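Coordinate analysis (summary)
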Amino acid sequence: MWNVHGIELATLITLRMNLIVLSVWLFLHHVTDTLLVQAIAKLPLPTKLIHLFILSVRYISLLAELNQKMDMAMKARGFHPKFNLFTMKVYAQRVALLLIHSMLKAEKAEIAMKARGFKL
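Every value quoted in this text rests on a predicted model; they were computed, and no experiment measured them. (Residues numbered from 1 in each chain as written. Predicted model: local features only at pLDDT ≥ 70, side-chain atom pairs only at ≥ 80, totals over all residues. Heavy atoms only, no water.)

**A word on the environment of Ile 40**
You can see Ile 40 is positioned in helix H2 (residues 33-42). Overall, the relative accessible area of 17% leaves Ile 40 in the buried class. Between the C-alpha atoms of Ile 40 and Ile 50, which are 10 residues apart in sequence, the distance is 6.8 Å. If sequence neighbours within four positions are ignored, Ile 40 has contacts with Leu 45, Ile 50 and Phe 53. (Helix = DSSP H or I, 4+ residues; strand = E, 2+ residues; numbered from the N terminus. Buried < 20%, exposed > 50% of the residue type's maximum accessible area, 1.4 Å probe, protein only. Contact = heavy atoms within 4.5 Å.)

Here it is as structure tokens:
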């Protein structure tokens, strides 16, 4: 059984984490990907970490673009989300398609890096 101290600590951690996420989101809301990458590149971080961050930002933006295209296609086909089994299946397929697309992009990037002489 949970003691009162543990529940209070969990609540405090949750509130702090939500506050941090909300603050970062508000701070970076109008920042473009290019500006964010340039700002990170100026920080005194290891180059591998900067490259990892650049790749992450790039692929997140690509997946967000694909997600918007899927949303427009679903609206064009007359899909109206409801709280039923059909909607859950459609969203599960959408997430699966995003994961498959990201895996294909990662494989293409790996092939391109190997072709350019990177050792993985």
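**Looking at a nonpolar patch on the surface**
Together, Met 17, Ile 20, Val 21, Val 24, Phe 27 and Leu 28 make up a nonpolar patch on the protein surface, roughly 580 Å² of accessible area in all. Among the secondary structure elements, Val 21 is positioned in helix H1 (residues 4-27). What makes Val 21 partly exposed here is its relative accessible area of 45%. (Patch = residues over 30% accessible without salt bridge, like charges linked within 9 Å, V, L, I, M, F, W, Y side chains within 5 Å. Areas by Shrake-Rupley, 256 points an atom, 1.4 Å probe, with all protein chains shown as cover. Salt bridge = Lys/Arg side-chain N within 4 Å of Asp/Glu carboxyl O.)

**Here's the deal with the packing of helix H3 (residues 47-76) against helix H4 (residues 85-115)**
At a closest axis distance of 11 Å, the pairing of H3 and H4 adopts a crossing angle of 145 degrees. The element H3 and its partner H4 pack so that their crossing is right-handed. Contacts from Tyr 59, Leu 62, Leu 63, Leu 66, Asn 67, Met 70, Asp 71 and Met 74 in H3 reach Val 90, Arg 94, Leu 97, Leu 98, His 101, Ser 102, Lys 105 and Ala 109 in H4. Partitioned by chemical class, the residues of the contact of H3 with H4 number 10 nonpolar, 3 polar and 3 charged. (Axes fitted to C-alpha atoms, helices over the stretch in contact; angles between N-to-C directions. Left-handed = near helix turned anticlockwise from the far one by under 90°. Nonpolar A, V, L, I, M, F, W, Y, C, P; charged D, E, K, R; others polar.)

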